Amino acid sequence: MAKRVGVALTKRVVDFADKREQRYFIWDSELSGFGLRVETSGAKTFVVRYRAEGGGRSAAQRFVTIGRLGTFTPEQARKQAKTVLGGVARGEDPADERRAKRREMKITGLIDLYEEEGCVIQRGKRQGQPMKPLTKQLTIARLRNHVVPLLGHKRVSELNAGDIERFVRDVTAGKTNRDEKIGHRRRIIVRGGAGAARKVVRDLSAVFSFAIRSEIAQKNPCENAAVRKTDNQRKRFLVLDEVTRLGSALDELETGGVNSKAINIARLWALTGCRREEIASLKWSEVNLGEGLLELEDSKTGQSIRPLGAAAMTLLERLPREGSSTFVFPAERGDSYFQGTKRIWAKVIKKAELPGVTPHTLRHTIGSTAVSTGEALALTGAILGHSNPRSTAIYAHVQNDPSRRAVNRVTKKIAAALAGNNQAARKPQRKSAISEALEGLVQSLSARLLAEGVDVGRVKNIVANVTAALEPGQKAV
């Protein structure tokens, strides 16, 4: 907790209280125990602090939330704080009374409270920071569309592991599915299934972790439930023949009049290995063509620097800047960025005959191409912008120049295939099939060995021996 500062909590003081890197309190100099809590997001909440059981240094310190600024003015909050502190002076314990009431809270109410106070990152280097707006929006939507219809009527204290198991079965079976029109050209489409069930049970587990921290619940029923909480590990990546088909499909659709922004976003996915939104929402201020870098202000892992290959730089250099927009790919209407890639991507993979391939598959393709061509694990991490705790110390010492050379080596083949210059695609069918199978095997083997911590030099030797065994005429190392 930051150092407590005592000032009169006037409207001016409250309005000028700026957000900081950590939550802090401003304590009122006139009414002891009355204060303002300022979150890292900038949200301001009036609180009361007191000691239970008649006071004294040995007594537990308790907090009671009065309400948010906006719901209460400073003067209204001060009056409410006087009422709370008056009760404390009479021997009451308002925080304990509120906790008792909260234990009888229903799941619907708990989700409301979680949306207001609990949507923070629970682990990792961003622990304690607020969720990104889109993450919070999707999380709350899943909870309201799946949990509330099936479990919302239950009390927090009633829910057990069996309830969670039935809930997961019901969501998987599609019991929460709905397609409802809510306005002009607006619909709510909710789909269940195994993937949705895994995501929402993780969300619900986070809600109960928040409830335990807030002393609303004493246990998390999701922890002991016999349900799967992890997603399927995606190992799909494209071989160069498939990248060639993807490039041809992008070219044909662009020639046919499909929005060039969506096409160029897809090309940059393939050439950079960046995540979907990192490219779609890219700003010109994040593009450093002089040094060949993307300097992302706010990626999934916070600020991130990514090296650019020559092909990606060439593509970015020829893109026009539209008016005063800060985005590389501005929306057709409004001040946001272009968000029409989903519909066009479906056309791309259909034309390229690549069912099931997602933009994230292109990220896997960069990673698998890097490790299978012998790039060091640290350089692969620099290209992809990973922040794996086990690898963070390595990535921290990777300089931009070697990582730029690495991304050029890795994306050179992908750029050629994307442009239709993949020589392997022009070889006889039988040989192409063998090459494709061998390439896939080598990439999978390399990735597996590196993931298990095998030294890069040993990986190269193992790959050379495997290649020699499968391709007659080559000598083993």
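Provided above is the structure to which this section pertains.
Rules used throughout
- Residues numbered from 1 in each chain as written.
- Predicted model: local features only at pLDDT ≥ 70, side-chain atom pairs only at ≥ 80, totals over all residues.
- Heavy atoms only, no water.
- Helix = DSSP H or I, 4+ residues; strand = E, 2+ residues; numbered from the N terminus.
- Buried < 20%, exposed > 50% of the residue type's maximum accessible area, 1.4 Å probe, protein only.
- Areas by Shrake-Rupley, 256 points an atom, 1.4 Å probe, with all protein chains shown as cover.
- Pairing = 2+ DSSP bridges.

When its secondary structure is counted, the protein shows 19 helices and 10 strands. Put simply, the protein has 477 residues, and 44% of those count as buried. In the form shown here, the protein has an accessible surface area of approximately 26400 Å², with 49% of it arising from carbon and sulfur atoms.

Pairing geometry for strand S6 (residues 178-183) and strand S7 (residues 186-190), over five bridges, is antiparallel. Paired with Lys181 across the bridge in S7 is Arg187. What sits between the antiparallel neighbours S6 and S7 is a turn of two residues, in which Arg185 has the positive phi angle 55 degrees.

With that settled, consider unusual backbone geometry. We note that Glu215 has phi near 60 degrees; this positive angle belongs to a residue other than glycine. Mapped onto the elements of the fold, Glu215 is located in the loop between helix H7 (194-213) and helix H8 (221-224).

Once that is clear, we can look at the sheet that holds strand S8 (residues 287-288). The antiparallel open sheet is built from three strands, whose spatial order is S8-S9-S10. Edge positions in the open sheet fall to S8 and strand S10 (302-307), since each of these has one partner strand only. As defined by bridge partners, strand S9 (residues 293-299) adjoins S10 across five bridges and the pair is classed as antiparallel. Bridge pairing in S10 links Leu296 to Ser304.

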